[in-house]
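# Reading the structure
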Amino acid sequence: MRTARLRTVHPVLWAGWAALAAGAVLCVLGWYGVSGERYAERQLPYLASCTVPGAALIVAGAVLLTHGRGVLAAARVEELYGLLVAAEPAEAEEPGTAADAPLAVSGDLLMVPGGTLWHRADCPLVAGKVESVPVDAKLLASGELGPCPICEPVEETD
């Protein structure tokens, strides 16, 4: 999926490369003409007719290349964004199914020492952590720990 902008950028890049090449040729010709003349008054025509326009072409070519590459990068980002936005999810979830159910369903409650939340044992935040310990009933009663918003544990599990 190539956009029209990508097709219009390539001539700008080619024009930039052509301007750089023509400027380099003119600078070489100017240098060659200047190097063969001993007196400054005989070198000025080479500077005015070859070297200065050659340098201007080199600058113009560099500007064209920079602009063309910037536009090309922006067009590619837009194309990728369009692909990202157009992509539909592989399986559309029906409302009221897995999205509404809690992530964990275990009845055992755990906490991480120094933490502020209590979790179900199969909660992804504590599952597999060796430092997780069972929740103390005194901590639950005191209100120092809050329920995990991910696994949504219930206090009455016994």
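Now for a description of the structure that goes with this document. Owing to the predicted nature of the structure, the values given are computational and were not obtained by experimental measurement.

Parameters and conventions
Residues numbered from 1 in each chain as written. Predicted model: local features only at pLDDT ≥ 70, side-chain atom pairs only at ≥ 80, totals over all residues. Heavy atoms only, no water. Helix = DSSP H or I, 4+ residues; strand = E, 2+ residues; numbered from the N terminus. Buried < 20%, exposed > 50% of the residue type's maximum accessible area, 1.4 Å probe, protein only. Contact = heavy atoms within 4.5 Å. Areas by Shrake-Rupley, 256 points an atom, 1.4 Å probe, with all protein chains shown as cover. Core = buried A, V, L, I, M, F, W, Y, C linked by side-chain atoms within 4.5 Å. Salt bridge = Lys/Arg side-chain N within 4 Å of Asp/Glu carboxyl O. Pairing = 2+ DSSP bridges. Polar contact = N/O pair within 3.5 Å; in protein donor to acceptor, adjacent residues only side chain to side chain. Patch = residues over 30% accessible without salt bridge, like charges linked within 9 Å, V, L, I, M, F, W, Y side chains within 5 Å. Expected span 1.5 Å × (residues − 1). Bend = angle between axes of the 7 residues up to and from the residue.

Helix and strand counts for the protein come out as 3 helices and 4 strands. When the helices and strands of the protein are listed from N to C terminus, the series reads α-α-β-β-β-α-β. By residue count, 23% of the 158 residues in the protein fall in the buried class. A sequence separation of at least 24 residues applies to 63% of the contacts in the protein between residues at least 6 apart. For the protein, the exposed surface amounts to about 11100 Å²; the carbon and sulfur share of it is 64%.

If you look at the biggest cluster of nonpolar residues, it comprises 6 residues: Leu-109, Met-111, Trp-118, Val-135, Leu-140 and Leu-145. Of all hydrophobic cores here, the second largest spans 5 residues; its members include Leu-110, Cys-123, Val-126 and Cys-151.

Tallying each qualifying case throughout the model produces 1 salt bridge. With its nearest N and O atoms 3.6 Å apart, the salt bridge here joins Arg-42 to Glu-37.

Another point: the sheet that holds strand 3 (residues 133–134). Working definition: the strands of a sheet are paired by backbone hydrogen bonds and lie parallel or antiparallel to each other. A sheet is described by the order of its strands in space; here 4 strands give the open sequence 3-1-2-4, paired in mixed fashion. Both edges of this open sheet fall to strand 3 and strand 4 (146–147), since each of them pairs with a single strand only. In the sheet, strand 1 (residues 109–111) pairs with strand 3 via 2 bridges, with the strands oriented antiparallel. Across the sheet, Met-111 pairs through a bridge with Val-133, a residue of strand 3.

Turning our attention to the environment of Ser-35. Note that Ser-35 resides in helix 1 (residues 4–35). Assessed through its relative accessible area of 46%, Ser-35 is described here as partly exposed. Along the primary structure Ser-35 and Tyr-46 are separated by 11 residues, whereas in three dimensions their C-alpha atoms are 9.7 Å apart. Here Tyr-32 takes part through its backbone oxygen, which lies 2.8 Å from a polar atom of the side chain of Ser-35.

Take a nonpolar patch on the surface next. On the surface, Tyr-81, Leu-84 and Val-85 cluster together to form a nonpolar patch covering roughly 360 Å² of accessible area. Mapped onto the elements of the fold, Tyr-81 is located in helix 2 (residues 40–86).

What follows is about helix 2. For helix 2, which comprises 47 residues, the first-to-last C-alpha distance of 66 Å matches the rise-based estimate of 69 Å (1.5 Å per residue) to within 8%. In helix 2, a bend of some 45° at Leu-47 exceeds every other bend along the element. The set of residues buried in helix 2 consists of Gln-43, Cys-50, Gly-54, Gly-61, Leu-65, Gly-68, Leu-72, Ala-75 and Glu-79.

Worth remembering: the numbers are spatial, not functional.
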